Protein chains: 2
Amino acid sequence: MIRNEIIDAMLARKSLRRYEDRMPSDEVIETVVRAGQQAPFAAQLGSVLLSRGPKNVPFGAPLLFTICIDAHRLEAIMAKRSWPMVTSDLPLLLFGFQDAALMAENMVMAAESLGMGSCFLGGTPFRADEVIERYELPRRVFPLVELTIGYPAETLPPRPRFPMDFHLFEDKYPDFSDADIEEAARVMDEGYLAQDYYRKAKAMVKLEGDRAETFNYDDYSWTEHMGRKWGQWFPSPDVLLEQLEKCGFELRGPVRDSDADSDRPG
Amino acid sequence: MIRNEIIDAMLARKSLRRYEDRMPSDEVIETVVRAGQQAPFAAQLGSVLLSRGPKNVPFGAPLLFTICIDAHRLEAIMAKRSWPMVTSDLPLLLFGFQDAALMAENMVMAAESLGMGSCFLGGTPFRADEVIERYELPRRVFPLVELTIGYPAETLPPRPRFPMDFHLFEDKYPDFSDADIEEAARVMDEGYLAQDYYRKAKAMVKLEGDRAETFNYDDYSWTEHMGRKWGQWFPSPDVLLEQLEKCGFELRGPVRDSDADSDRPG
């Protein structure tokens, strides 16, 4: 491993959920946002909302950024040149997700470089309607993710990651053996347990239905946590499709005449 | 603006399309990929394919990374703990896009910190089947974007971005005036023209149909380029939906019995 200031900052980054009261200066805020802006791609489909805390901001952080996929802005510019938006919403969002996320990660690392920390809130899209109301968003703006930023009030270790041979594949995607999979699971589970992560975060996900709890914080770790999230949550795309529609993005395809009288969902 | 090594690197980044022949060392490659891995989120839905060039790599770059949304790996681990993937594919991809893109941007900036440059290829998802074949991808792995990396064989300026008041919105999303929109368009157009960007890149997008060309490289700039892309390309989501299906991701909903005999597209 080669080390330098940027690599060190990336390897040390972790999600921060306890913040000092101190409000970052306007210059610090502008620096973070400018650094984000310079990420790829040129279409600049990402825009940024800001609220100052600690009131009404998760974790009582001083800054709450909401990273949006913003087609409204691009369409306004295109309209001035008499171009309509023709690209359909799925490919548009495919690029928008990337523009917004690339920008967001630059903001995360810019904040780190200025002595701050941050935490993403991944659930934002599922309550996009609240964000629309809070910021009076026009149609064609989709709040992808929220990002709290501020000065750290705690010191945390970076979190475990998969072994490199479970992550980087040269020339051919491997056929994982049982041993490969067990080893990746072990590294993650032992890594999180060694940090006592889930106990400190009080982050055990409840079992749904009548299933009896058989874990406690001595053995509840990453694989069980992932299983409970991805094995229980969001079984239907409907909430997300509805929230996207509230933002003016239509992934179910336009309603055609032949569908209008159908009782079949589109 | 506050400046430091990380902020400077972010502000100086631009897409690099000419590379030295020199192959980065394995240690450099590992450093870039490790720095990417430490990006949020903990589910690690992104994985990385690598091919070494310059043969069969765009721009003759020494390194071609393909950034994937990888549910195969997570599902293999969940299966070991008897958890099935329940999350439907749209929310799964929503998180996967972010994991993969956040990781990719760390790789971009890690490469910059090691004296290299990079360029994303946004069209990868539209030829996912070729990537499946090249790397023998299992189902549930979606190639999101390719990223060439190597040592620069040219010196380029960073590209223009929107004015800050067209990008960062505190407390409320503004109603843009005509003047706001014209000003953002002017900044982008004059910025790209001043760099002679599109002429050097030979990047003029053709007008479709019978429309007569009225621009040349003296006046063809960012707004016209954006208009021609987003005003002409990808009018249907079908190619993307089909490629996603080839990767084992189903955004049109599962095929139900009542659909099986229908001649209507799903």
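Residues numbered from 1 in each chain as written. Chains lettered and ligands numbered in written order. Predicted model: local features only at pLDDT ≥ 70, side-chain atom pairs only at ≥ 80, totals over all residues. Heavy atoms only, no water.

1. Here's the deal with the overall build of chain A
So, step 1. When its secondary structure is counted, chain A shows 10 helices and five strands.
So, step 2. For chain A, with 266 residues in total, the buried portion stands at 56%.
So, step 3. Across chain A, the fraction of contacts at a sequence separation of at least 24, relative to all contacts at a separation of at least 6, is 74%.
So, step 4. Accessible surface computed for chain A: about 11100 Å², of which carbon and sulfur atoms make up 50%.
So, step 5. Computing the positive centroid from 31 side-chain charges and the negative centroid from 44, chain A places the two 5 Å apart. (Helix = DSSP H or I, 4+ residues; strand = E, 2+ residues; numbered from the N terminus. Buried < 20%, exposed > 50% of the residue type's maximum accessible area, 1.4 Å probe, protein only. Contact = heavy atoms within 4.5 Å. Areas by Shrake-Rupley, 256 points an atom, 1.4 Å probe, with all protein chains shown as cover. Lys, Arg positive; Asp, Glu negative; His and termini not counted. Charge placed at Lys NZ, Arg CZ, Asp CG, Glu CD.)

2. Digging into helix α1 (residues 5-12) of chain B
So, step 1. All of the buried residues along α1(B) are B:I6, B:I7, B:A9, B:M10 and B:L11.
So, step 2. Residues of α1(B) that are buried make contact with α1 (5-12), α2 (26-37) and α4 (89-113) of chain A together with α4 (89-113) of chain B.
So, step 3. Near the N-terminus of α1(B), the side chain that reaches the backbone nitrogen of B:I6, with its oxygen 2.9 Å away, is that of B:N4. (Polar contact = N/O pair within 3.5 Å; in protein donor to acceptor, adjacent residues only side chain to side chain.)

3. A closer look at helix α5 (residues 128-135) of chain B
Residues and elements named next belong to chain B.
So, step 1. Of the residues making up α5, those classed as buried are A128, V131 and Y135. Down the axis of α5, the smallest arc covering the buried residues is 55°, so these residues share one side.
So, step 2. Where α5 is buried, its residues contact β1 (46-52), β2 (63-70), β4 (141-150) and α9 (238-246). (Arc of directions from axis to C-beta.)

4. Description of the environment of A:W83
So, step 1. Checked against the element boundaries, A:W83 lands in the loop between α3 (71-80) and α4.
So, step 2. Excluding residues that lie within four positions of it along the chain, A:W83 makes contacts with A:M78, B:L207, B:R211, B:E224, B:G227, B:R228, B:G231 and B:Q232.

5. Topic: the packing of α1(A) against α1(B)
So, step 1. The contact between α1(A) and α1(B) brings their axes to 9 Å, and the two run at 100°. For the element pair α1(A) / α1(B), the angle class is roughly perpendicular. Together, A:E5, A:I6 and A:A9 of α1(A) and B:E5, B:I6 and B:A9 of α1(B) make up the contact between the two elements.
So, step 2. In terms of residue class, the contact of α1(A) with α1(B) is built from four nonpolar, no polar and two charged. (Axes fitted to C-alpha atoms, helices over the stretch in contact; angles between N-to-C directions. Parallel < 35°, antiparallel > 145°, perpendicular 65-115°, else oblique. Nonpolar A, V, L, I, M, F, W, Y, C, P; charged D, E, K, R; others polar.)

6. Digging into the relation of the copies chain B and chain A
So, step 1. Aligned on chain A, chain B shows an RMSD of 0.0 Å; the corresponding rotation is 180° and the shift along the axis is 0.0 Å. What we have between these two chains is a two-fold relation.
So, step 2. Interface overlap between copies: 99% of the residues of chain B at the interface are likewise at the interface in chain A, consistent with a symmetric, same-surface contact. (Least-squares fit on C-alpha atoms with pLDDT ≥ 70 in both.)

7. Focus: unusual backbone geometry
So, step 1. The omega torsion across B:P40 and B:F41 is -5°, close enough to zero to call that bond cis.
So, step 2. Take B:F41: it is sitting in the loop between α2 (26-37) and β1.
So, step 3. Residue B:P54 is reached from B:G53 by a cis peptide bond, and omega for that bond is 10°.
So, step 4. In this structure, B:P54 sits in the loop between β1 and β2.
So, step 5. If you check the backbone angles, A:S82 has positive phi at about 65° while not being a glycine.
So, step 6. Relative to the elements of secondary structure, A:S82 occurs in the loop between α3 and α4.
So, step 7. Of note, B:D171 is a non-glycine position whose phi angle comes to about 70°, a positive value.
So, step 8. Residue class for B:D171 comes out partly exposed when judged on its relative accessible area of 43%.

8. Concerning the nonpolar core
So, step 1. A:F65, A:F142, A:W230, B:F65, B:F142 and B:W230 are the most contacted members of the largest nonpolar core, which has 181 residues in total.
So, step 2. Aside from chain neighbours lying at most four places away, what touches A:F65 is A:I29, A:V33, A:V48, A:L49, A:L50, A:M107, A:V145, A:E146, A:L147, A:I149 and B:L168. (Core = buried A, V, L, I, M, F, W, Y, C linked by side-chain atoms within 4.5 Å.)

9. Structural notes on the pairing of strand β4 (residues 141-150) of chain A
All names here are of chain A.
So, step 1. In terms of burial, β4 is a largely internal element, 10 of the 10 residues being buried.
So, step 2. One ladder, built from eight bridges, connects strand β2 (residues 63-70) with β4; its direction is antiparallel. Counterpart to L63 in the pairing with β4 is I149.
So, step 3. Pairing geometry for strand β3 (residues 117-121) and β4, over five bridges, is antiparallel. (Pairing = 2+ DSSP bridges.)

10. Concerning the domain arrangement of chain A
So, step 1. What the domain assignment reports for chain A is domain 1 (5-156 + 237-246) and domain 2 (164-230).
So, step 2. Placing a centre on the C-alpha atoms of domain 1 of chain A and another on those of domain 2 of chain A gives a separation of 28 Å. (Domains from an automatic or database assignment.)

11. Comments concerning the environment of A:A203
All names here are of chain A.
So, step 1. Tracing the backbone through its elements, the reader meets A203 in the loop between α7 (197-201) and α8 (222-230).
So, step 2. For the pair formed by A203 and M1, sequence separation is 202 residues and the distance between their alpha carbons is 32 Å.
So, step 3. Not counting chain neighbours up to four residues away, the residues in contact with A203 comprise Y198, Y217, Y220 and H225.

12. Side note on the pattern of salt bridges
Pairs can form between side chains of opposite charge whenever their charged atoms are close.
All names here are of chain A.
So, step 1. Taken as a whole and assessed by the stated rule, the structure comprises 39 salt bridges over all chains.
So, step 2. A salt bridge links R52 to D26, with the nearest nitrogen and oxygen atoms 3.0 Å apart. With R52 in strand β1 (residues 46-52) and D26 in helix α2, the pair connects residues that are 26 residues apart, well separated along the chain.
So, step 3. Two residues, E213 and R228, come together in a salt bridge whose shortest N-O distance is 2.7 Å. Of this pair, E213 sits in the loop between α7 and α8 while R228 sits in helix α8, placing them 15 residues apart in sequence. (Salt bridge = Lys/Arg side-chain N within 4 Å of Asp/Glu carboxyl O.)

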